[in-house]
Amino acid sequence: MSSLHTMGQQQDRRSWAEPYKIKVVEPLRTTTREEREAAIADAGYNTFLLPSKDVYIDLLTDSGTNAMSDRQWAGMMLGDEAYAGSGNYYRLEDTIRRFYGYRHVVPTHQGRGAENLLSQSLISPGHHVPGNMYFTTTRFHQEKAGATFHDIIVDEAHDPTLDAPFKGNVDLAKLAALIDEVGAERIPYVCVAATVNMAGGQPISMANMRAVRELTQRHGIAIYLDATRAVENALFIREREEGYGSTSLADILLEFCSYSDGCTMSGKKDPLTNIGGWLATNDEALFEEARNLVVVYEGLHTYGGMAGRDMEAMAIGITESVELAYMKSRVGQVRYLGELLDQWGIPFVRPVGGHGIFLDARGFYPHLDQEQFPAQTLAAQLYLEAGVRAMERGIVSAGRDAATGENHHPSLELVRLTIPRRVYTQAHMDVVAESVKACYDDREAARGLRMTYEPKYLRFFQARFEPLG
Ligand SMILES: Cc1ncc(COP(=O)(O)O)c(C=O)c1O
Ligand SMILES: N[C@@H](Cc1ccc(O)cc1)C(=O)O
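None of the values given here were measured: they were computed from a predicted structure. (Residues numbered from 1 in each chain as written. Chains lettered and ligands numbered in written order. Predicted model: local features only at pLDDT ≥ 70, side-chain atom pairs only at ≥ 80, totals over all residues. Heavy atoms only, no water.)

Observations concerning the overall build of the chain
Part 1 of the argument: In terms of helices and strands, the chain carries 17 helices and 14 strands.
Part 2 of the argument: Taking 23 Å as the expected radius of gyration for a compact globule of 469 residues, we find that the chain reaches 22 Å, a close match to that expectation.
Part 3 of the argument: Along the three orthogonal principal directions, the C-alpha set of the chain runs to about 65 × 55 × 45 Å.
Part 4 of the argument: Counting over 469 residues, the chain shows a buried share of 58%.
Part 5 of the argument: Intrachain contacts of the chain at a sequence separation of at least 6 include 73% that bridge at least 24 residues.
Part 6 of the argument: For the chain, the accessible surface area stands at approximately 19,200 Å², while carbon and sulfur atoms represent 50% of it. (Helix = DSSP H or I, 4+ residues; strand = E, 2+ residues; numbered from the N terminus. Rg over C-alpha atoms; globule rule 2.2 N^0.38 Å. Buried < 20%, exposed > 50% of the residue type's maximum accessible area, 1.4 Å probe, protein only. Contact = heavy atoms within 4.5 Å. Areas by Shrake-Rupley, 256 points an atom, 1.4 Å probe, with all protein chains shown as cover.)

This is the structure:
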């Protein structure tokens, strides 16, 4: 076999290799089992409450944990820290218009700032907001503004074992039924997330987005996109949807966004920065309201809580995020971890999504009741095992029903291993996989947890637990 041929094969096998090399490194600290036992007990068995100095490999979130490029760091030196009219704001606004296609931009400190502005501006008590599965902060703001949230995602999304290409899709029949039931005038907008975080980073197809647009347009209902990971979604469309196999991610993103009226954005994900966000809209009236409201909650409408240098880094990060080689390596790394876990039959959400592996805690601990917090237990166990930090995405995250005060009982009881962008290597993924396997081998010993402190809002962030048994 010629060496060229061999090289070609290797390129195919390694088609997602990182299109960058490492210039700066940050040391990692390992801890002893005794130190971890003390740390997780101090943290009330909640990984959100662990000091990061006690964490070895941090897969809590892909939010704000990105490594920036040398260009972004250079951009940081171009920060125009004027209170009003920063040049970096105008650059960011241009970049968002170019890549996402919306007319107006209101900057915010992060995604939930944009969710607050959107919800307060468009929702009145008695309204209904449909969404393709809930997201914690998004639903919180919708309910706080007086709306009832309705999950209109396809049923497949609730089954972790089912392998389907677009498990983030909206179920059009569910949406149509809701419109019939409550009336279009009581639905201020449909909230569409791409990808769907709580479903395991599952994508929505272009055809489905187009169909949602057609249906809602007939009833005069707007669509607001949660565009937090829409570029990751674009890669799935390119890979899985007919007709997009050679379309650039930038073109897919633009077409996808064109079927919506605007978006909320956590700039801490796709845009490859550590902080920031925005609300974008094509609606003049909403723009005027949000641009006014932003000065109450975030800051002036030309910085919205971000420093000028952060806006510059975000503008550069957006242009990097749509590069195909980068996005293939980003999702490729997540898939690599999935392949390792698969060899050992470890249960996780199928197919692998965009930003992490979601372990199925019910599959680990069939002997635990959901009220014994299987996913919270597994996240604590993984930390104890190896200092790897993950996040509960089950009954604790789902919280309580806003009307009845009863616990929601989500079908998905998951632990998310979220991969920060451009941060960890393949060897780190090997260590993570081996640590998960050790927890799986020891699964019968798990006894579950009891909640000892429950905060009123978004309880998963600060709740405390103690071991049962
Ligand atoms: C899908 C999704 N929407 C909204 C948000 C809220 O963004 P932020 O954390 O920047 O407030 C996040 C992350 O929190 C998210 O993953
Ligand atoms: N959006 C971030 C941070 C976050 C985490 C959990 C939440 O429920 C809310 C926000 C994430 O998905 O990781």
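Here's the deal with the environment of Leu-253
Part 1 of the argument: Among the secondary structure elements, Leu-253 is positioned in helix α10 (residues 249-258).
Part 2 of the argument: Along the primary structure Leu-253 and Ala-230 are separated by 23 residues, whereas in three dimensions their C-alpha atoms are 6.9 Å apart.
Part 3 of the argument: Contacts of Leu-253, omitting those with residues within four sequence positions, involve Phe-99, Tyr-100, Ala-230, Val-231, Ala-234 and Val-322.

Focus: the UniProt feature "modified residue: N6-(pyridoxal phosphate)lysine" (unreviewed entry) in the chain
Part 1 of the argument: Under the UniProt annotation, the feature "modified residue: N6-(pyridoxal phosphate)lysine" (unreviewed entry) is placed at Lys-269.
Part 2 of the argument: The topology assignment puts Lys-269 in the loop between β7 (262-266) and β8 (277-281).
Part 3 of the argument: If we ignore the near neighbours within four places in the chain, the residues touching Lys-269 are Asp-62, Ser-63, Asn-66, Thr-228, Arg-229 and Arg-421. (UniProt positions renumbered as here; feature names shortened; annotations may be inferred.)

Quick notes on the sheet that holds strand β9 (residues 356-360)
Part 1 of the argument: Spatial strand order, β9-β12-β11: 3 strands in an open sheet with antiparallel pairing. The sheet is open, and its two borders are formed by β9 and β11 (391-393), each paired with just one other strand. On average, each strand axis in the sheet is inclined to that of its neighbour by 35°, with strand direction left out of account.
Part 2 of the argument: Against the sheet, helix α13 (residues 324-343) makes contact with β9 and β12 (414-418), and its axis sits at roughly 30° relative to β9, the strand it touches most. (Pairing = 2+ DSSP bridges. Axes fitted to C-alpha atoms, helices over the stretch in contact; angles between N-to-C directions.)

Quick look at the domain arrangement of the chain
Part 1 of the argument: By domain assignment, the chain separates into domain 1 (16-62 + 324-467) and domain 2 (70-321).
Part 2 of the argument: When each unit is reduced to the centre of its C-alpha atoms, the spacing between domain 1 and domain 2 is 25 Å.
Part 3 of the argument: Counting residues at the interface gives 35 residues for domain 1 and 40 residues for domain 2.
Part 4 of the argument: Here domain 1 packs against domain 2, burying approximately 3,000 Å² in sum over the two surfaces, 57% of which is carbon and sulfur. (Domains from an automatic or database assignment. Buried area = accessible area lost by both parts, 1.4 Å probe.)

Regarding the packing of aromatic side chains
Part 1 of the argument: Under the defined criterion, the tally for this structure stands at 11 aromatic pairs.
Part 2 of the argument: Centre to centre, the rings of Tyr-100 and Trp-278 are 5.4 Å apart; their planes meet at 75°, and the pair counts as edge-to-face. Of this pair, Tyr-100 sits in helix α4 (residues 87-100) while Trp-278 sits in strand β8, placing them 178 residues apart in sequence. Comparing Tyr-100 with Trp-278, the two get one shared label, buried. (Phe/Tyr/Trp six-rings, centres within 6.5 Å; stacked < 30°, edge-to-face > 60°.)

Digging into the site of ligand 2
Part 1 of the argument: Taken together, 14 residues lie near ligand 2, and Thr-61, Thr-136, Lys-269, Arg-393 and Arg-416 sit nearest.
Part 2 of the argument: Here Arg-393 contributes a side-chain N or O atom positioned 2.9 Å from an oxygen atom of ligand 2.
Part 3 of the argument: Look at ligand 2: alone it shows 330 Å² of surface, and the protein chains cover 93% of it.
Part 4 of the argument: Within the residue set of the shell around ligand 2, elements represented by two or more residues are α6 (136-144) and β11.
Part 5 of the argument: Among the residues making up the shell around ligand 2, the classes are represented as 4 nonpolar, 5 polar and 5 charged. (Near = heavy atom within 4 Å. Polar contact = N/O pair within 3.5 Å; in protein donor to acceptor, adjacent residues only side chain to side chain. Nonpolar A, V, L, I, M, F, W, Y, C, P; charged D, E, K, R; others polar.)

Some words on the site of ligand 1
Part 1 of the argument: Close to ligand 1 lie 13 residues, the nearest being Arg-112, Asn-197, Asp-226, Ser-266 and Lys-269.
Part 2 of the argument: Interatomic distance of 2.7 Å between a side-chain N/O atom of Arg-112 and an oxygen atom of ligand 1.
Part 3 of the argument: At 2.8 Å from an oxygen atom of ligand 1 is found a side-chain nitrogen or oxygen belonging to Asn-197.
Part 4 of the argument: About the coverage of ligand 1: the protein hides 95% of its 380 Å² of free accessible area.

Digging into the UniProt feature "domain: Aromatic amino acid beta-eliminating lyase/threonine aldolase" (unreviewed entry) in the chain
Part 1 of the argument: Taken from the UniProt record, the annotation "domain: Aromatic amino acid beta-eliminating lyase/threonine aldolase" (unreviewed entry) applies to residues 58-434.
Part 2 of the argument: What you have in residues 58-434 is 44% helix and 13% strand, and the ends, taken at the C-alpha atoms, are 15 Å apart.

A few points about the pattern of salt bridges
Part 1 of the argument: Under the definition given, this model contains 26 salt bridges.
Part 2 of the argument: We note a salt bridge from Arg-139 to Glu-143, for which the minimum N-O separation is 4.0 Å. Taken together, the residues span about one helical turn, with Arg-139 and Glu-143 both in helix α6 at a distance of 4 residues.
Part 3 of the argument: For Arg-139, a relative accessible area of 10% translates into the label buried.
Part 4 of the argument: Bridged by salt links that share partners, the residues Asp-62, Arg-229, Glu-232, Arg-330 and Arg-421 form one connected network. (Salt bridge = Lys/Arg side-chain N within 4 Å of Asp/Glu carboxyl O.)

Here's the deal with the pairing of β7
Part 1 of the argument: Extensive coverage of β7 is indicated by the burial of 5 of its 5 residues.
Part 2 of the argument: Every second residue of β7 is oriented toward a common face, with Gly-262, Thr-264 and Ser-266 on one face and Cys-263 and Met-265 on the other, all of them buried.
Part 3 of the argument: Taken together, the 3 bridges between strand β6 (residues 222-226) and β7 define a ladder with parallel strand orientation. Along β7, the bridge assignment pairs Leu-225 with Cys-263.
Part 4 of the argument: One ladder, built from 5 bridges, connects β7 with β8; its direction is antiparallel. If you follow Gly-262 over to β8, its bridge partner there is Thr-281.

A look at the environment of Val-170
Part 1 of the argument: Within the secondary structure layout, Val-170 lies in the loop between β4 (148-151) and α7 (172-182).
Part 2 of the argument: For Val-170, a relative accessible area of 2% translates into the label buried.
Part 3 of the argument: Distance in space between the C-alpha atoms of Val-170 and Val-154 is 5.7 Å, their sequence separation being 16 residues.
Part 4 of the argument: Setting aside its immediate chain neighbours within four residues, Val-170 contacts Asn-132, Ile-152, Val-154, Leu-175, Val-192, Asn-208 and Val-212.

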